[in-house]
Amino acid sequence: MAKVLVVTSGKGGVGKTTSTAALGAALAQMGQSVVVVDFDVGLRNLDLVMGAERRVVYDFVNVIQGEAKLAQALIRDKRIETLSLLPASQTRDKDALSEEGVARVMDELREKFDWVICDSPAGIERGASLAMRHADVAVVVTNPEVSSVRDSDRIIGLLDSKTLRAERGERMEKHLLLTRYDRLRAERGDMLKTEDVLEILSIPLLGIVPESQDVLRASNIGQPVTVSGPDTAAGRAYADAARRLKGDPVPMTIPGEKTGFLGRLFGRRAA
Amino acid sequence: MSAQPKDKSSQKPALRFRGRSFLALSLAPQQPLDAWLADLDAWLERSPGFFQGRAVILDVAALPAIDVASLRSFVADLDARGIRIMAIEGGDAGGAGLGLPPAIANGRDSQLPVAAPPRGKPAPPESTTLVIEDPIRSGQSVFHPRGDVVVMGSVSSGAEIVAGGSIHVYGVLRGRAIAGIAAQPGARIFCRKFEAELLAIDGLYKSADDIDPTAIGRSVSARIIDDALVVSPLD
Ligand SMILES: Nc1ncnc2c1ncn2[C@@H]1O[C@H](COP(=O)(O)OP(=O)(O)O)[C@@H](O)[C@H]1O
Ligand SMILES: [Mg+2]
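Keep in mind that what you see is a predicted model, and the values were worked out from it rather than measured. (Residues numbered from 1 in each chain as written. Chains lettered and ligands numbered in written order. Predicted model: local features only at pLDDT ≥ 70, side-chain atom pairs only at ≥ 80, totals over all residues. Heavy atoms only, no water.)

Chemist: Before we go on, may I ask you to explain the overall build of chain A in this structure?
Modeler: A tally of helices and strands in chain A yields 14 helices and 8 strands. Taken over C-alpha atoms, the radius of gyration comes to 17 Å for chain A, in line with the 18 Å a tight globule of 271 residues would show. Overall size of chain A, expressed as C-alpha extent along the three principal axes, is 55 × 40 × 30 Å. Here chain A, with 271 residues, has 55% of them falling under the buried criterion. When contacts within chain A are restricted to residue pairs at least 6 apart in sequence, those whose partners lie at least 24 apart make up 75%. Here chain A has roughly 11800 Å² of accessible surface; of this, 48% comes from carbon and sulfur atoms. Looking at charge distribution, chain A has the averaged site of its 38 positive side-chain charges lying 2 Å from that of its 38 negative ones. (Helix = DSSP H or I, 4+ residues; strand = E, 2+ residues; numbered from the N terminus. Rg over C-alpha atoms; globule rule 2.2 N^0.38 Å. Buried < 20%, exposed > 50% of the residue type's maximum accessible area, 1.4 Å probe, protein only. Contact = heavy atoms within 4.5 Å. Areas by Shrake-Rupley, 256 points an atom, 1.4 Å probe, with all protein chains shown as cover. Lys, Arg positive; Asp, Glu negative; His and termini not counted. Charge placed at Lys NZ, Arg CZ, Asp CG, Glu CD.)

Written as structure tokens, this is what we have:
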């Protein structure tokens, strides 16, 4: 059974696109067949982070408008055989995605892949609603600061009311991915504590990804960080998060700390 | 769908009137209107969407001397704040005229239904309490004008609960709680952990800045005593 996963946040710049690429690559590296879908029409980024920008011929909008077949628009990753990208259009605006068109493409992708990972645009408008509409699982990307947490809270409310699953009365599976976490700033009290973020959002924690130069370096060379730096802290955090998404129990660690003390918290929060 | 042949006469759409009763919020401005509008602005800053999409009646009983031109500009002032007045109450019924919402009379303050004394085997009373299991997220608004609201989880910053009666929050109250809008000065607000942005009961309100900071983080109850909203710790 294919799973449609949306990577969403409300706020921009928190790491949705980075996380889509890293989680998608990590799942594919574990042998799952994965497609990452860029919903950020007009501001596409995922192709860059995946290093596929020069291979884009047709895009999501072309498929929706019947100008290309899905198979023509999908780009197979050069390094990981089971990973594909459906790029967004850079030239159209977001109204080019029709509700029915998106539904049709999602159905087709579900047939072909184990995981369909949708990279949501920022905001709570049309683009973000379309990206979450068909999801079975949501990864809510949050930075440990107040405005990001509030936006995530808002998005969780929408996930629980505006998705097809919610409208059918089914529960939406939601996971918190805390990114750009800086241990020193957390200790100084410049950032919200992990416990506080978890308490406010009250959804289970999927992982904590450190603020790291390795992430910037990875996107500059067009590789997901799980590919360019599988042994970096960020690469490992994403790989662990991907395994948890698959359902494997992996003890939780806070970047920069040796002990896995959050395991207890993670277990307790798995509501 | 059945495809019954219809005779011509039944194809004509029937004109129907239905009576409908619903709860309207009523605004009762007082002179000086500038100061009253400033208070309103302070309220709207905390609760920007409060009046949006809701039926609002303007009660001008406290403004007997107001002329039509001033009333019109006052309604425009409200309109500019996103408050659409559906009717004007308490004024001289004939005097409003064109360009103003219609005048009405006989509006009643709404109260919770009082249970009739049991006679024989009474039917179980209809519950007017709304119980919500999930947390209320930022941007969500719960509007339950006819009874109490009980929230089992937390109410986020930027979320809002509006209740005709009392409000009980068993999680953390970080957003806004507006109780007693059905003209119920006896309504109360209870929460297990208080971090609210705004509390209001029967039109009296306090924002976070006006509340004793020692209450923050504690279990509190809020109620009206001598026309003032009082917040006191429960433990
Ligand atoms: N863990 C991290 N450490 C350092 N920089 C990061 C991290 N995650 C994301 N970034 C950087 O932050 C910026 C925004 O990330 P992006 O994934 O595009 O966010 P979004 O898709 O939510 O707008 C990018 O420059 C990205 O490289
Ligand atoms: Mg992005």
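Chemist: Could you clarify how one ought to interpret the site of ligand 1 in this entry?
Modeler: Residue and element names in this part refer to chain A. Around ligand 1 sit 15 residues, and of these Gly 13, Lys 16, Thr 17, Thr 18 and Arg 180 come closest. Between ligand 1 and Gly 13 there is a distance of 2.8 Å, counted from an oxygen atom to a backbone nitrogen or oxygen. One of the side-chain N or O atoms of Thr 17 is found 2.8 Å from an oxygen atom in ligand 1. Among the secondary structure elements, those contributing two or more residues to the shell around ligand 1 are helix 1 (16-29), strand 8 (205-210) and helix 11 (213-220). (Near = heavy atom within 4 Å. Polar contact = N/O pair within 3.5 Å; in protein donor to acceptor, adjacent residues only side chain to side chain.)

Chemist: Any chance you could explain the sheet that holds strand 11 (residues 189-194) of chain B here in plain terms?
Modeler: One key point about sheets: their strands pair by backbone hydrogen bonds, in either a parallel or an antiparallel sense. All names here are of chain B. Read from one edge of the open sheet, 6 strands run 5-7-9-11-14-15, paired in mixed fashion. Sheet topology places strand 5 (130-132) and strand 15 (228-233) at the edges, where each strand pairs with a single neighbour. Averaged over all neighbouring strand pairs, the angle between strand axes comes to 20°, with direction disregarded. (Pairing = 2+ DSSP bridges. Axes fitted to C-alpha atoms, helices over the stretch in contact; angles between N-to-C directions.)

Chemist: What is the right way to read the sheet that holds strand 2 (residues 56-59) of chain B from this model?
Modeler: Residue and element names in this part refer to chain B. Across the sheet, 4 strands lie side by side as 1-2-3-4; this open sheet has parallel pairing. Both outer strands of the open sheet, strand 1 (25-27) and strand 4 (103-104), are each paired with one neighbouring strand and no more. Examined bridge by bridge, strand 2 and strand 3 (residues 85-89) share 4 bridges and lie parallel to one another. Across the sheet, the residue bridging to Val 56 is Ile 85, located in strand 3. Against the sheet, helix 3 (residues 68-80) makes contact with strand 1, strand 2 and strand 3, and its axis sits at roughly 145° relative to strand 2, the strand it touches most.

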